[in-house]
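Descriptive analysis of the structure
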Amino acid sequence: MAERPEIRLPSDLSYTFEWPKTGDEKKDAVLGDTEQFIKAVDMAIAEQDPLDKAYRFYSEGEAAAGSQKFIQEFVDYKDRITGAKRYFDAKVKINADGTAGLMYCEDQTNAYNKSLETGKTDVDTPSSDSYVLYRSLLRTGKQGVWITEKLTSQRGSAECRP
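First things first, this report covers the structure right here in the doc.

Each value, and the rule that gives it
Residues numbered from 1 in each chain as written. Predicted model: local features only at pLDDT ≥ 70, side-chain atom pairs only at ≥ 80, totals over all residues. Heavy atoms only, no water. Axes fitted to C-alpha atoms, helices over the stretch in contact; angles between N-to-C directions. Helix = DSSP H or I, 4+ residues; strand = E, 2+ residues; numbered from the N terminus. Left-handed = near helix turned anticlockwise from the far one by under 90°. Contact = heavy atoms within 4.5 Å. Nonpolar A, V, L, I, M, F, W, Y, C, P; charged D, E, K, R; others polar. Salt bridge = Lys/Arg side-chain N within 4 Å of Asp/Glu carboxyl O. Buried < 20%, exposed > 50% of the residue type's maximum accessible area, 1.4 Å probe, protein only. Phe/Tyr/Trp six-rings, centres within 6.5 Å; stacked < 30°, edge-to-face > 60°. Pairing = 2+ DSSP bridges. Disulfide = S-S within 2.5 Å.

1. Section: the packing of helix α1 (residues 25-46) against helix α3 (residues 61-77)
Two quantities define a packed helix pair, namely the angle between the helix axes and the distance between the axes. Where α1 contacts α3, the axes come no closer than 9 Å and their chain directions differ by 35°. In the crossing of α1 with α3, the sense of the turn from one axis to the other is right-handed. Within the contact between the two elements, α1 uses F37, V41, A44 and I45 and α3 uses S67, F70, I71 and F74. A class-by-class count of the residues in the contact of α1 with α3 yields seven nonpolar, one polar and no charged.

Listed below in structure tokens is the structure:
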């Protein structure tokens, strides 16, 4: 069993993962490890650490580089995320080569940026941009953990909007 990093998040940030168990051990592990990866990125943002070990435990290559850049933007602005994030409509496919493809939606209508300097929360009006479609490619690492290697996002995706 892998020695997973501890993920500590601010008390004003919550998640809803509307990802039902598939009953397939591999697919459920992909979903579970992706959940941890998402939270680990948010922890790195909260701790203002673009090189945090936790998200790098769950990602490599393009996905790790993209996450580092994303986290660095929050560090540059001295912001973090607050509120509630909802993830839904996950579709997992285990490929013949042992990799996995995952597509899922994020609802950011109740998630906001919070300034670490002023403590003020930037509450914006929900729009089509509040919905993001993600596509990722994962493979199992040495410790049996699903590692996100590629991750693309499409803000304002019609596929994810209500």
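2. Focus: the pattern of salt bridges
Taken as a whole and judged by the stated rule, the model has twelve salt bridges. Ionic pairing is found between K85 and E106, a salt bridge with its closest N-O pair at 3.6 Å. Pair noted here: K85 is in strand β2 (residues 79-94) and E106 is in strand β3 (residues 100-115), with a separation of 21 residues, a long-range link. The class for K85 is buried, based on a relative accessible area of 8%. Here R139 ties to E149 by a salt bridge, and the two come within 2.6 Å at their closest N and O atoms. Here the residue R139 occupies a position in strand β5 (residues 131-140), and E149 occupies one in strand β6 (residues 146-155), the gap between them amounting to ten residues.

3. Focus: the packing of aromatic side chains
A complete count under the given rule lists nine aromatic pairs for this structure. Ring plane angle 10° and centroid distance 5.0 Å describe the contact between F17 and Y87, whose orientation is recorded as stacked. Of the two residues, F17 sits in strand β1 (residues 13-18) while Y87 sits in strand β2, which places them 70 residues apart along the sequence. Aromatic pair F57 and Y58: ring centres 4.9 Å apart, planes at 80°, arrangement edge-to-face. Three or more aromatic residues joined by ring pairs make a cluster, and in this case those are Y15, F17, W19, Y87, Y104 and Y134.

4. Here we look at the pairing of β6
Where β5 meets β6, nine bridges bridge the pair, whose relative direction is antiparallel. Note that in β6 the partner of L137 across the bridge is K150.

5. Here we look at unusual backbone geometry
With a phi close to 55°, Q48 is a non-glycine residue in the positive phi region. Counting through the fold element by element, Q48 comes out in the loop between α1 and α2 (53-57). Its identity is not glycine, yet D89 carries a phi of approximately 60°, on the positive side. Structurally, the position occupied by D89 is in strand β2. Under the relative-accessibility criterion, D89 is labelled partly exposed at 37%.

6. Observations regarding the state of the cysteines
Scanning the entire structure with this criterion turns up one disulfide. Sulfur-sulfur distance for the disulfide between C105 and C160 comes to 2.1 Å. Linking C105 and C160, the disulfide has an S-S dihedral of approximately -75° and is accordingly described as left-handed. Here C160 lies in the segment after β6 and C105 lies in strand β3, a separation of 55 residues in the sequence. According to the relative accessible area criterion, C105 is buried, its value standing at 2%.

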